[in-house]
Amino acid sequence: MSSALILGATGAVGEQLLKELLASPAVSRVTSVGRREAVYDGPGKNKLVQQVVDFDNLEPHGDVLKGHDSIYITLGTTRGQAGSAAAFTKVDKEIPLQCVRLALEPSKNQHVLYCSSAGANKSSMFLYPRSKGETEEELTKLAEAAGGRTSIFRPAYLRTVKPRPEQRTMETFFGKFIIPTIESVGFKWSNPVTDVAKAMVKVGISGANQSAIYDSPTIAQLARED
């Protein structure tokens, strides 16, 4: 039995990830860390520990972050939602990296699982894919330096279970019109958030012993496997 830490359990992927982890008999304890508590009243809720933290002052929460076999990161935002490039970078990259620095313990063989994005590239001229690529690289360095490993998930367009609380006009248009048109001729350009969560948990409890990257088709395949 293993213990898991989740950063971002109130987001679209994070909500589904929380359900999958709590329902898994292979997971004994799940700690959700965030600005607010996740809403959950389903199977395995007795295994859930929730901790509201101040991401601007994480040091006092170091003990809460430590002591987990797996560290799942689904924390993220958009530049529009964050309000500026600097605010976006803080949520998308700086906070996850700081949390992982505090959570990792040398020689504990911990597993960091990060929900990134298709097209992540640290050399990109665009903020979003560059931030994802930089975060991937830094998380891998941190985990491997501590004797652990990372699993990076790069889903394509995310199909949510319910509408996002914030309006994303272009994303809504893309999801309602462009993606269905493309996929109608056999090309898969999306991943349901439920599939991403299933894939992350399957890899997390599988005992994977080296760092790896999982692209959109692989995520879909993992989610279909029994």
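Use the structure listed above.
The notes below deal with the structure included here.

Definitions and cut-offs
- Residues numbered from 1 in each chain as written.
- Predicted model: local features only at pLDDT ≥ 70, side-chain atom pairs only at ≥ 80, totals over all residues.
- Heavy atoms only, no water.
- Helix = DSSP H or I, 4+ residues; strand = E, 2+ residues; numbered from the N terminus.
- Buried < 20%, exposed > 50% of the residue type's maximum accessible area, 1.4 Å probe, protein only.
- Contact = heavy atoms within 4.5 Å.
- Salt bridge = Lys/Arg side-chain N within 4 Å of Asp/Glu carboxyl O.

## Some remarks on the side chain of glutamate 136
Inspection of the secondary structure puts glutamate 136 in helix H5 (residues 127–145). On the basis of relative accessibility, which here comes to 6%, the residue glutamate 136 falls in the buried class. For glutamate 136, the contacting residues outside a window of four places in its chain are Tyr114, Ser116, Ala120, Ile152 and Arg154.

## Let's talk about the environment of valine 196
Tracing the backbone shows valine 196 in helix H7 (residues 193–204). Separated by 42 residues in sequence, valine 196 and arginine 154 place their C-alpha atoms 9.1 Å apart. Sequence-distant contacts of valine 196, that is, excluding residues within four places in its chain, are made with Val13, Cys115, Pro155, Leu158, Asn191 and Ile219.

## Some thoughts on the pattern of salt bridges
Using the criterion set out here, one finds 7 salt bridges in the structure. We note a salt bridge from lysine 90 to aspartate 56, for which the minimum N-O separation is 2.3 Å. Highlighted residues: lysine 90 in helix H4 (residues 85–103) and aspartate 56 in the loop between strand S3 (48–52) and helix H2 (62–65), separated in sequence by 34 residues. Residue classification places lysine 90 among the partly exposed positions, given a relative accessible area of 31%. Look at aspartate 56 and you get exposed, because its relative accessible area is 52%.

These values are about where atoms sit, not about what they do.
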